[in-house]
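Residues per chain are reported as follows:
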Amino acid sequence: MTNRVVVVTGAARGLGATIAARFHAAGYRVALADIDVAPADALANGLSPDGSLACAVKLDVTSKQDFVDALAAIVERWGRVDVLVNNAGASKVVPPMEITAEQFDSVIDVNLRSVLFGCQVFGQYFADRGDGRIVNIASLAGQNGGSATGAHYAAAKGGAITLTKVFARDLAACGVTVNAISPGPLDLPIVHESVAPDKLEKVIASIPAGRLGPAEYIADAAVLLGSGTAWFANGACWDINGGLYMR
């Protein structure tokens, strides 16, 4: 895998950092893309001090031009890109009836426009090459309408799943696959920091598996879907939620 290159958005912390580390462990060259480039750079240095196998790139996922510039910079550095993981996401829990236009637009921009721009820019590059993998990180909230992370977040993630199917169909003939991963509640610091202990206990009690999911499970699925052998997995939404939602 040492010749394969992956770009992970929102890679400065949390799930994105875990995904980047997992791809690195699998032998990929990893570009950690984030608007907050300093922590991304620190993580990249930790993975590859000489910069040969990991680097940070500044990317505001609400800007299509930033995607264009990031892709060009990584291709100039390593000669190619094989996988894009659209992971960047953000939300603030607000009761559905109280969401303002500004809050809605902000969450849609980071969680949904980013998927559109990533699929457009990297999808065209992959189509021109005749090969490529796009993995969009969705959410259980986008499937069951859960508002624990905000109705605007749920709407954005539902849209990300739909865009996955649209681009999967559009790019399939060009040798490009587009899939989504839909995680349930994960065992991440941000979850423990943002959810009150009593509420978190109720969340865990509602999961048939009886515990929060490891972020590494999501990362492993991303590595699998990003592999060169995963050509027949396309347009799918992979549910990893401990049995909390079953279709």
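In case you missed it, the structure is sitting above this.
This section reports on the structure supplied with the text. In this text the structure is predicted, and so the values were computed from the model without any measurement. (Residues numbered from 1 in each chain as written. Predicted model: local features only at pLDDT ≥ 70, side-chain atom pairs only at ≥ 80, totals over all residues. Heavy atoms only, no water.)

1. Digging into the environment of Arg113
In this structure, Arg113 sits in helix 4 (residues 101-129). Along the sequence, Arg113 and Tyr217 sit 104 residues apart, while their C-alpha atoms lie 26 Å from each other. In this view, Arg113 contacts Val61, Thr62 and Ile108; residues no more than four positions away in its chain are not counted. Polar side-chain contacts of Arg113 include one of 3.2 Å to the backbone oxygen of Thr62. (Helix = DSSP H or I, 4+ residues; strand = E, 2+ residues; numbered from the N terminus. Contact = heavy atoms within 4.5 Å. Polar contact = N/O pair within 3.5 Å; in protein donor to acceptor, adjacent residues only side chain to side chain.)

2. Section: the sheet that holds strand 7 (residues 237-240)
Spatial strand order, 3-2-1-4-5-6-7: 7 strands in an open sheet with parallel pairing. At either end of the open sheet lies a strand with only one pairing partner, and these are strand 3 (54-58) and strand 7. Averaged over all pairs of adjacent strands, the angle between strand axes in this sheet comes to 20°, irrespective of strand direction. As defined by bridge partners, strand 5 (residues 132-137) adjoins strand 6 (residues 176-183) across 6 bridges and the pair is classed as parallel. Looking at strand 6, one finds that Arg133 is bridged to Thr177. Helix 6 (residues 151-171) rests against strand 5, strand 6 and strand 7 of the sheet, and its axis sits at about 160° to strand 6. (Pairing = 2+ DSSP bridges. Axes fitted to C-alpha atoms, helices over the stretch in contact; angles between N-to-C directions.)

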